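So the chains spell out like this:
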Amino acid sequence: HSAIKSNLRPPWRVLFFGTDEFSLPTLQALNENRLLRKNFYTSIFFLCFIFKSPVMKYATLHDLRGYTWPINRLDSEYDIGVLASFGHLIPSKLVKAFPFGIINVHPSLLPRWRGAAPLHHTLLNGDSVTGISIMSIEPKVFDCGPLLAQEKVEVPPRCSQVVLRDMLAHKGSKLILQTLADLSQHISSAKQQPEEGVCYAHKISQNMSFIDWKNQTVENIDRQYRALHQTTELRTEWQGMTIRLLEMLDIRHNPDIRTDMTPVPGLPVYNKADGSLWICCKDGWVGFSSIVIKKKMSAKAFYNGYLSKPQNKGVTFSSKPSGLFDENYSKWISHAKPS
């Protein structure tokens, strides 16, 4: 196998594995490089299992041939597979079908945040630095292979998951081109991932969207919103109903909350000055412009229809611990803990 690798030279025949918005810039970079005849690739095929995905739309528009998942057999020979946010474990037989194997564009500094949702967990835990890792795929495991290249990236202050995704996708598309330009050298100098600092970015679940008003701070809830709201809205419960909280206000806005009730975690107060709903948490207040309770409504409509009724005065949103938040550490410790 190593002898075969040593005899191979670019241009490469590439099979791309990807589906979503994070995948797309890598496919675009590969295809644009091919069209500019940079001598990295003679052909690019794509592989996708979601027919209406961004990758499928791009490939169709640019006449790229492709496969759907799972693959029964490859119609052509390829030198290398390039994977970005594919979401499926690649069988050993398929990995071994490529002389250079399959390399993965991963949006974290491995071994931190192995797994399905590294972008979300980077924000949930308030990481100030993240990055891109180019690693070789190993059969039967996720994100454990040798590192071919890494690049550190500072997390922009108070950015959302989508902003972080797009930034790292762009960085990853550049780093994969640099790696492919000198692929043999990168593979020969690849390093095993360190055993220290391993932690897992488990798949995002709806349960993670519930707020624990008693134990979470303003900063915790802000991180939770920025990490999750474009995947699943934040949630709480009120009088037996699940409420979805939309359009969280900037935590740097410090409202003058006036109420004749004792501020306790989960207490909702309508601020007529700016038409917003403010909810008390462990160390302050967080605001929202609208909510969903049976249907989407403004904070003002929620006040007029519910909060203004005498029987609802002082009724709090309930804290529903998700089992993910540890009040002793003031962070999502069960996911940040090395494993």
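The chain goes by Methionyl-tRNA formyltransferase, mitochondrial in an unreviewed UniProt entry, where it is assigned to Elysia chlorotica. Per its UniProt entry, the chain bears the Subcellular location (unreviewed entry) comment "Mitochondrion".

It is worth spelling out the environment of Arg65 at this point. Tracing the sequence through the fold places Arg65 in the loop between α3 (54-61) and β3 (66-68). By relative accessible area, which is 53% here, Arg65 ends up exposed. Spatially, the C-alpha atom of Arg65 lies 6.5 Å from that of Phe46, the residues being 19 residues apart in sequence. Apart from the residues lying within four places of it in its own chain, the contact partners of Arg65 are Ile44, Phe45 and Phe46.

Within the structure shown, the criterion is met by 15 salt bridges. Residue Lys171 is joined to Glu151 by a salt bridge in which the shortest nitrogen-to-oxygen separation is 4.0 Å. Taken as a pair, Lys171 in helix α6 (residues 161-181) and Glu151 in strand β8 (residues 147-154) lie far apart in primary sequence, 20 residues in all. By relative accessible area, Glu151 is classed as partly exposed at 27%. Among the ionic pairs, Arg158 bridges to Asp250, the shortest N-O distance being 3.6 Å. Of the two residues, Arg158 is situated in the loop between β8 and α6 and Asp250 in the loop between β11 (241-248) and β12 (268-271); the sequence distance between them amounts to 92 residues. We classify Arg158 as partly exposed; its relative accessible area is 31%. Members of the salt-bridge network, linked through shared partners, are Arg158, Asp222, Arg226, Asp250 and Arg252.

Moving on, we get to the nonpolar core. Counting residues in each nonpolar core, the largest one holds 45 residues, and the members touching the most others are Ile103, Ile134, Leu180 and Leu183. When residues in this core are grouped by element, the largest group, seven residues, is from α6. Counting contributing residues per domain, this core is built from domain 1 (1-201) and domain 2 (206-312), each supplying no fewer than three. The contact partners of Leu183, leaving out residues within four places of it in the chain, are Trp12, Ile80, Phe100, Ile103 and Leu148. Counting residues in hydrophobic clusters, the runner-up holds 23 residues, among them Leu234, Tyr270, Leu277 and Phe317.

In the contact formed by helix α2 (residues 24-35) and α3, the axes pass within 9 Å of each other and the chain directions differ by 20 degrees. Overall, the two elements α2 and α3 adopt an arrangement that is roughly parallel. Regarding α2 and α3, the two cross each other, and that crossing is right-handed. Residues Leu24, Leu27, Gln28 and Asn31 of α2 touch α3, and the partners they reach there are Pro54, Val55 and Tyr58. Split into classes, the residues belonging to the contact of α2 with α3 amount to five nonpolar, two polar and no charged.

Within the secondary structure layout, Thr179 lies in helix α6. Judged by its relative accessible area of 0%, Thr179 falls in the buried class. A polar contact of 2.8 Å, which involves the side chain of Thr179, links it to the backbone oxygen of Leu175. In contact with Thr179, not counting residues within four places along its chain, are Ile103, Ile134, Leu148, Ala149 and His186.

This part is about helix α8 (residues 218-228). The element α8 is extensively covered by neighbouring structure, given that ten of its eleven residues are classed as buried. Of all the residues in α8, the buried ones are Val218, Asn220, Ile221, Asp222, Arg223, Gln224, Tyr225, Arg226, Ala227 and Leu228. In this structure, the buried residues of α8 make contact with α5 (118-124), α6, β10 (234-238), β11 and β14 (285-293).

Following Trp69, the chain continues to Pro70 via a peptide bond in cis, the omega torsion being 0 degrees. Relative to the assigned elements, Pro70 resides in the loop between β3 and β4 (80-84). With an omega dihedral of 15 degrees, the bond running from Leu110 to Pro111 counts as a cis peptide bond. In this fold, Pro111 is placed in the loop between β5 (102-106) and β6 (114-115). Of note in this structure, Asp63 is not a glycine but carries a positive phi near 55 degrees. Mapped onto the fold, Asp63 is located in the loop between α3 and β3.

Once that is clear, we can look at α2. With twelve residues, α2 should reach 16 Å at 1.5 Å per residue; the first-to-last C-alpha distance of 16 Å fits that figure. Considered for burial, the residues of α2 that qualify are Leu24, Pro25, Thr26, Leu27, Ala29, Leu30, Asn31 and Asn33.

Turning next to the packing of aromatic side chains. Applying the stated rule across the entire model yields twelve aromatic pairs. Plain terms: the ring middles of Phe17 and Phe86 are 5.6 Å apart, the flat faces sit at 80 degrees to each other, and that makes the pair edge-to-face. Within this pair, whereas Phe17 is found in strand β1 (residues 12-18), its partner Phe86 is found in the loop between β4 and α4 (92-95), the two being separated by 69 residues in sequence. Here the two residues Phe17 and Phe86 agree in accessibility, since each one is buried. Summarising the aromatic geometry, the rings of Trp238 and Tyr306 are spaced 6.0 Å apart at their centres and angled 80 degrees between planes, so their arrangement reads as edge-to-face.

Criteria and cut-off values
- Residues numbered from 1 in each chain as written.
- Predicted model: local features only at pLDDT ≥ 70, side-chain atom pairs only at ≥ 80, totals over all residues.
- Heavy atoms only, no water.
- UniProt positions renumbered as here; feature names shortened; annotations may be inferred.
- Helix = DSSP H or I, 4+ residues; strand = E, 2+ residues; numbered from the N terminus.
- Buried < 20%, exposed > 50% of the residue type's maximum accessible area, 1.4 Å probe, protein only.
- Contact = heavy atoms within 4.5 Å.
- Salt bridge = Lys/Arg side-chain N within 4 Å of Asp/Glu carboxyl O.
- Core = buried A, V, L, I, M, F, W, Y, C linked by side-chain atoms within 4.5 Å.
- Domains from an automatic or database assignment.
- Axes fitted to C-alpha atoms, helices over the stretch in contact; angles between N-to-C directions.
- Parallel < 35°, antiparallel > 145°, perpendicular 65-115°, else oblique.
- Left-handed = near helix turned anticlockwise from the far one by under 90°.
- Nonpolar A, V, L, I, M, F, W, Y, C, P; charged D, E, K, R; others polar.
- Polar contact = N/O pair within 3.5 Å; in protein donor to acceptor, adjacent residues only side chain to side chain.
- Expected span 1.5 Å × (residues − 1).
- Phe/Tyr/Trp six-rings, centres within 6.5 Å; stacked < 30°, edge-to-face > 60°.

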